[in-house]
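# Survey of secondary and tertiary structure
Below, each chain spelled out in residue letters.
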Amino acid sequence: MVYSAGIDNCITAWDVRSTHDKVMKMKGHTDTITCLSLHPKGTHLLSNSMDGTLKSWDVRPFVPDGFKRHCKTFTGATHNAENGLLHCAWSHDGTMVTGGSSDKVVHIWDELSTEELYYLPGHKGCVNSVIFHPRENVVASGSSDKSIFVGELSS
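Every chain is numbered on its own, with residues counted from 1 as its sequence reads. In keeping with the predicted nature of the model, local features appear solely for residues at pLDDT of at least 70, side-chain atom pairs appear and are counted solely at 80 or more, and the whole-chain, interface and lining totals rest on all residues. Side-chain measures here rest on the full set of heavy atoms in the structure, leaving out hydrogens and waters.

### Some points on the packing of aromatic side chains
Two rings from Phe, Tyr or Trp (for Trp, the six-membered ring) form a pair when their centres are within 6.5 Å of each other. A pair whose planes differ by under 30 degrees is stacked, one over 60 is edge-to-face, and the rest are tilted. Applying the stated criterion to the full structure yields 1 aromatic pair. Geometrically, the ring pair formed by Phe74 and Trp109 is tilted, given 6.0 Å between the ring centres and 50° between the ring planes. One end of the pair, Phe74, is in strand E7 (residues 70-75); the other, Trp109, is in strand E10 (residues 105-110), and 35 residues separate them in sequence. Accessibility classification places Phe74 together with Trp109 in one group, the buried group. Secondary structure follows DSSP: runs of H or I at least 4 residues long count as helices, runs of E at least 2 residues long count as strands, and numbering of each begins at the N terminus. Accessibility here uses a 1.4 Å probe with only protein chains present; expressed as a share of the type maximum, an area under 20% marks a residue as buried, one over 50% as exposed, and anything in between as partly exposed.

Put into structure tokens, the structure is as follows:
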């Protein structure tokens, strides 16, 4: 599967193995989607949108609830005209999510409860990219202020 998203506010899944056909279309954002990130186990997709939300989607071939693929919404991050493509990411074990934000803050949410676990200020510009370490409880963020912050999260 290949997933795409953009100015139509929808996520499209494409089967590129043989037919190159659209397999599914997921709707729920109200503005442009700027990033997609696949869960470490490949079961869910995380999207960051200019509507100020991150959403998780069930992308397994057969979902328990039929066509209901939207799972959770994470709020608190912001978008504005200053920024462009804001990143989103899963932690290495899939228990936390994060995404870029124009409020100069790194936001990290608990995936299960959607509660904001960390509110990490410090950047002087829009946080464009945030990523988790592949094995450790460490996060790195890059900002339009041309700085990169790396920090260890409590266990």
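### Things to note about the nonpolar core
General note: in soluble globular proteins, nonpolar side chains tend to be found buried as a group. Counting 10 residues, the largest nonpolar core is built from Ala89, Met96, Val106, Ile108, Tyr118, Val127, Val130, Phe132, Val139 and Leu153. When contributions to this core are tallied by element, the ones reaching two or more residues are E10 and strand E12 (127-132). Take this core: its biggest share by element is 3 residues, from E12. The contact criterion used is simple: two residues touch if any of their non-hydrogen atoms lie within 4.5 Å. Contact partners of Phe132, with chain neighbours within four places excluded, come to Ala89, Trp90, Ser91, His92, Met96, Val97, Thr98, Ile108, Val138, Val139 and Leu153. Think of a nonpolar core as a cluster: buried Ala, Val, Leu, Ile, Met, Phe, Trp, Tyr and Cys residues, connected wherever their side-chain atoms sit within 4.5 Å.

### Thoughts on the side chain of Ser143
Among the structural elements, Ser143 can be located in strand E13 (residues 138-143). Polar contacts, as counted here, are pairs of nitrogen or oxygen atoms within 3.5 Å of one another; within protein the pair requires one atom able to donate a hydrogen and one able to accept it, and residues that are adjacent in sequence qualify only if both atoms are side-chain atoms. A polar contact is formed between the side chain of Ser143 and the backbone oxygen of Cys126, at a distance of 3.1 Å. Discounting chain neighbours no more than four positions away, the residues touching Ser143 are His123, Gly125, Cys126, Val127 and Asn128.

### Quick notes on the sheet that holds strand E2 (residues 10-15)
DSSP-based pairing: two strands are paired if at least 2 bridges between them are found. Reading across the sheet, the 3 strands line up as E1-E2-E3 and stay open at both edges, with antiparallel pairing between neighbours. At either margin of the open sheet sits one strand with a lone partner, and together these are strand E1 (2-5) and strand E3 (21-27). The average undirected angle you get between the axes of adjacent strands in this sheet is 25°. Where E2 meets E3, 6 bridges bridge the pair, whose relative direction is antiparallel. The residue of E3 that forms the bridge with Ala13 is Met24. Axis angles are defined between N-to-C directions and span 0 to 180 degrees, where every axis is a line fitted to C-alpha atoms and, for a helix, only to the segment in contact.

### Description of the pairing of strand E14 (residues 148-152)
Within E14, only 0 of the 5 residues are buried, leaving the element largely exposed. Two strands pair when backbone bridges link them, and E13 and E14 are joined in this way by 5 bridges, in the antiparallel orientation. Its bridge partner being in E14, Ala140 is matched across the sheet by Val150. Between E13 and E14, which pair antiparallel and follow one another directly, the connecting turn spans 4 residues, one of which, Lys146, has a positive phi of 70°.

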